[in-house]
Amino acid sequence: QAYEYLIGAEELASLALMLDARKDAAADQPRDDLRELWAQPSMPYTLDEGGMLLGSLEDLTGKFNLNYLVATTTAKLDENNFSASEAQFIRLLRSVTEPPLSLGEAVSLTEAVIDWMDIDAEPRAQGAEDMWYGSQQPPYRAANRPMASISELRLVRHVTPKLYEQLAPLITVWPRTPRPMNIHTVGLSLLRTFNGNGDLNPLSHDEAKLLLNERQDVGFNDVESMLASPVFEGRIMSDLKPLLGTSSQYFRLRASVELGSVEMDLYCILERSGQRVTTLSRASVPL
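Residues numbered from 1 in each chain as written. Predicted model: local features only at pLDDT ≥ 70, side-chain atom pairs only at ≥ 80, totals over all residues. Heavy atoms only, no water.

(A) Highlighting the overall build of the chain. Check the secondary structure of the chain and you find nine helices and nine strands. A compact globule built from 287 residues should have a C-alpha radius of gyration of about 19 Å, and the chain, at 20 Å, falls within 12% of that. In terms of overall dimensions, the chain has a C-alpha envelope of 60 × 50 × 35 Å along the principal axes. Split into buried and exposed, the 287 residues of the chain put 48% on the buried side. Contacts spanning at least 24 positions in sequence make up 61% of the contacts within the chain whose residues lie at least 6 apart. On the chain, roughly 14,300 Å² of surface is accessible, and the fraction owed to carbon and sulfur atoms is 52%. (Helix = DSSP H or I, 4+ residues; strand = E, 2+ residues; numbered from the N terminus. Rg over C-alpha atoms; globule rule 2.2 N^0.38 Å. Buried < 20%, exposed > 50% of the residue type's maximum accessible area, 1.4 Å probe, protein only. Contact = heavy atoms within 4.5 Å. Areas by Shrake-Rupley, 256 points an atom, 1.4 Å probe, with all protein chains shown as cover.)

In structure tokens:
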């Protein structure tokens, strides 16, 4: 019975996304942002049996997709040869870690993540392939494919439990073929990863806060209007621009139910295509 309530929460989430899609279909300039129904905090729902049901949706397009690193990777990482997604991930590593990672440490970790996913068995300078992973206890092998879960990151060389804990709320592996990051739903920490071509430093907290305030007070009509913000004055943003968008197609539902002595969680990945919503995956742990 508890599980059926969770499936009911999934159906309600799908309905909210479909209603939003219908509204967007009638709009002159459709977009997805945090003012929409699906993005509002949910209130606990009291069940007839005396239990409680709670659910919330988050936009996965507002997170950094790790699979972008292998979809757009360069042949080799060095200070003069980064793809836009690699540079963005390096800035993410340098902005959310405490204490902050050095540039060298962030590059090494980025190399290791790419090695985990790329199809070859040749390790990068600071990366790792089967020879390194096979020497661990217990031994294991690199995946050599895009990540299926963010939890895989815990297996990658240089990733500590503390680092994973700091990154987990900001990353995703959905969809498998990455889509542009939604500038209307991305949070403060990820706004810090927006910077000019060749600059591996994250924006300062104050600069990202200015962007966030501008989005809340005035709003951005499109990617171009955001990149025209005074925060980016004097910076060339052509590398980052293709990674950004204004719509969302992939969402994660977290639903929880308490019914008598039973407590259950359900995580669902939902894909919205037009006015149709499809459940791609269900699990009892974060996907």
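(B) Highlighting empty space enclosed by the protein. In total, this model carries one cavity of 30 Å³ or more according to the counting rule given. Quantified by volume, the largest cavity comes out at close to 110 Å³. Lys63, Asn65, Tyr68, Arg179 and Met181 are, among the 14 residues lining the largest cavity, the residues nearest its centre. Looking at the lining of the largest cavity residue by residue, the class counts come to eight nonpolar, four polar and two charged. (1 Å grid on protein atoms, 1.4 Å probe; cavity = no way out; pocket = protein on both sides within 12 Å on 5 of 7 lines; lining within 4 Å. Points joined across faces, edges and corners; volume = space filled by probe spheres on them. Nonpolar A, V, L, I, M, F, W, Y, C, P; charged D, E, K, R; others polar.)

(C) Structural detail: helix H1 (residues 2–25). With 24 residues, H1 ought to run about 34 Å at 1.5 Å a step, and its terminal C-alpha atoms sit 35 Å apart, in line with that. Of all the residues in H1, the buried ones are Ala2, Leu6, Ile7, Ala9, Glu10, Ala13, Ser14, Ala16, Leu17, Asp20, Ala21 and Asp24. The inward-facing, buried residues of H1 abut strand E2 (52–59), strand E7 (250–259), strand E8 (262–273) and strand E9 (276–283). (Expected span 1.5 Å × (residues − 1).)

(D) Looking closely at the pairing of E8. Pairing between E7 and E8: 10 bridges, direction antiparallel. Residue Tyr250 lies in a different strand from E8, and its bridge partner there is Glu271. Where E7 folds back on E8, the antiparallel hairpin that results is connected by two residues, among which Gly260 adopts a positive phi of roughly 65°. In this structure, the hairpin formed by E8 and E9 is closed by a connection of two residues, where Gly274 is found at a positive phi of approximately 65°. (Pairing = 2+ DSSP bridges.)

(E) Here's a closer look at a nonpolar patch on the surface. A grouping of Leu12, Leu15, Leu19 and Leu37 is seen on the molecular surface, where their side chains present a nonpolar patch of about 390 Å² in accessible area. Along the chain, Leu37 falls in the loop between H1 and strand E1 (45–46). (Patch = residues over 30% accessible without salt bridge, like charges linked within 9 Å, V, L, I, M, F, W, Y side chains within 5 Å. Salt bridge = Lys/Arg side-chain N within 4 Å of Asp/Glu carboxyl O.)

(F) Examining the environment of Pro178 more closely. With respect to the helices and strands, the residue Pro178 is situated in the loop between strand E4 (171–172) and strand E5 (181–182). For Pro178, a relative accessible area of 13% translates into the label buried. Expressed as a C-alpha distance, the spacing of Pro178 and Glu258, which sit 80 residues apart in the sequence, is 35 Å. Excluding residues within four positions of it along the chain, Pro178 makes contact with Asn65, Asn67, Tyr68 and Ala71.

(G) Here's a closer look at the pattern of salt bridges. One pass over the full model with this rule turns up 13 salt bridges. Of the charged contacts in the structure, one is a salt bridge between Arg31 and Asp33, with a shortest N-O distance of 3.1 Å. With a shortest N-O distance of 3.2 Å, Arg141 and Asp130 are connected by a salt bridge. Of this pair, Arg141 sits in the loop between helix H5 (130–133) and helix H6 (161–167) while Asp130 sits in helix H5, placing them 11 residues apart in sequence. Using a relative accessible area of 64% as the deciding quantity, one classes Arg141 as exposed. Residue Asp130 is classed as partly exposed on the basis of its relative accessible area of 25%. Through salt bridges with shared partners, a single ionic network connects Asp20, Asp32 and Arg272.

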